[in-house]
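Single-letter residue listing:
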Amino acid sequence: MREETDQALRAMKELCKLIADGGLRDRERAEKDMDDMISRDYEPYFSGNAALCLLAECQRCGGCCREERSIAVSIEDCRRIARHMGLSQKRFMMGYTLPHELNRARVGSARMLKKAGGEACPFFDPLLPGCKVHPVKPQVCRAALHLSKMNLLLCEEEKKIGAIPGCPADAALREQLAQFRRNLDRNPAARQELEALFSSHKPEVELFLLLLRLKGLEIYFGGDRAERLARRLGLKRMPEDGELRDGAMLYAAALSYGCLSLKTELKEEKT
Ligand code: SF4
Ligand code: SF4
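Rules used in this analysis
- Residues numbered from 1 in each chain as written.
- Chains lettered and ligands numbered in written order.
- Predicted model: local features only at pLDDT ≥ 70, side-chain atom pairs only at ≥ 80, totals over all residues.
- Helix = DSSP H or I, 4+ residues; strand = E, 2+ residues; numbered from the N terminus.
- Rg over C-alpha atoms; globule rule 2.2 N^0.38 Å.
- Buried ≥ 20, exposed ≤ 12 C-beta atoms within 10 Å, placed from the backbone.
- Arc of directions from axis to C-beta.
- Contact = placed C-beta atoms within 7 Å.
- Core = buried A, V, L, I, M, F, W, Y, C linked by C-beta atoms within 7 Å.
- Domains from an automatic or database assignment.
- Nonpolar A, V, L, I, M, F, W, Y, C, P; charged D, E, K, R; others polar.
- Near = placed C-beta within 6 Å.

**Notes on the overall build of the protein chain**
Helices and strands together make up the secondary structure of the protein chain, namely 14 helices and 5 strands. For the protein chain, whose C-alpha radius of gyration is 19 Å, the value lies close to the compact-globule estimate of 18 Å for 271 residues. Judged by the C-alpha coordinates and their principal axes, the protein chain covers about 60 × 45 × 30 Å. Buried residues in the protein chain amount to 37% of all 271 residues.

So, in structure tokens, the structure goes:
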């Protein structure tokens, strides 16, 4: 346990290098913009799910690729996937996407992948296994399933982060967290240490929590908006997923163990 905590603290300290000379700036305004994008009412579920999304390793089983009725793609998604496939953005959009079925006023410039009803996503290949564009897959697929609107609403309603049915990546992560909790059960000192860590107001912990939420917004809304917020905050760049993972594991463990001082109680069913 000590090793995991030390490693996460070291990773959090490393994050301070992302702050440009002169320190964080315009934090209040940036946080207000973040609150406007995702209401604070979704905390701690939003940050908790951002942590789980960073930690869950999609096993490319195709479960969600077969079941999703439609897959929305933003212009940013189209640009990224087209580049990956060696196509122009226009050619990709003409060949692989359709106008979104919902009103433009609600979805903006988002489009949908071309896909016949009842069929799997055109990028799903059972022989690979899984997604042919996995490293650059659409934002909604990257966010799946933790940072989907439906999951956030469920978390808020049930006041807990529930398991994602049928997703082997989520199941594997739950087992890792359950193991973490068993270790905490055997080690009250480590439990207290974890509790103290997230209420310590250490600058590196506060920065980590800010960046975890920002990463959640990047996953939920796409990179462009998160990049703008990062620049406004005076960050040199957005943190990479890997730079947040050690802290995310500790945060997810603390949340699932219920050893954070939270406005609302957040617990998983203990196994
Ligand atoms: S169900 Fe889970 S593991 Fe399977 S493709 Fe979807 S996100 Fe990945
Ligand atoms: S783009 Fe990839 S991850 Fe998304 S639904 Fe299609 S095959 Fe699955």
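**A short note on helix 9 (residues 149-158)**
When we look at burial in helix 9, the residues that qualify are Asn 151, Leu 152 and Cys 155. Projection of helix 9 onto a plane perpendicular to its axis shows the buried side chains occupying an angular sector of 100 degrees, all on one side. Along helix 9, the residues that are exposed and aim more than 90 degrees away from the buried face are Lys 149, Met 150, Leu 153 and Glu 157. Where helix 9 is buried, its residues touch helix 3 (45-55). Once helix 9 ends, the next one or two residues include Lys 159, with phi positive near 55 degrees.

**Focus: the nonpolar core**
Residues Ala 51, Leu 55, Ala 248 and Ala 252 are the most contacted members of the largest nonpolar core, which totals 72 residues. When residues of this core are assigned to their parent elements, the largest contribution, 10 residues, is made by helix 14 (residues 241-257). Of the domains in this structure, domain 1 (2-56 + 158-257) and domain 2 (63-143) are the two that each give at least three residues to this core. What Ala 51 contacts, discounting residues up to four positions off in sequence, is Leu 212, Ala 248, Tyr 251 and Ala 252.

**So, the domain arrangement of the protein chain**
Here the protein chain is described as being made up of domain 1 (2-56 + 158-257) and domain 2 (63-143). Of the residues lining the interface, 8 residues belong to domain 1; the matching set on domain 2 comes to 6 residues. Looking at side-chain class alone, the side of domain 1 that touches domain 2 contains 4 nonpolar, 3 polar and 1 charged residues.

**What about the site of ligand 2?**
Around ligand 2, a shell composed of Cys 65, Glu 68, Ile 71, Cys 121, Phe 123, Phe 124, Cys 131, Val 133, Lys 137, Pro 138 and Cys 141 is seen. Residues that form the shell around ligand 2 fall into these classes: 9 nonpolar, no polar and 2 charged.

**Observations concerning unusual backbone geometry**
For the bond from Glu 43 to Pro 44, the omega torsion is 5 degrees, close enough to zero to count as cis. Counting through the fold element by element, Pro 44 comes out in the loop between helix 2 (27-37) and helix 3. For Lys 159, which is not glycine, the phi torsion reads 55 degrees and is therefore positive. Inspection of the secondary structure assignment puts Lys 159 in the loop between helix 9 and helix 10 (168-186). The exposed category is assigned to Lys 159, around which 11 C-beta atoms lie within 10 Å. The backbone of His 201 shows a phi angle near 60 degrees, a positive value even though the residue is not glycine. Here His 201 falls in the exposed class, since 7 other C-beta atoms lie within 10 Å of it.

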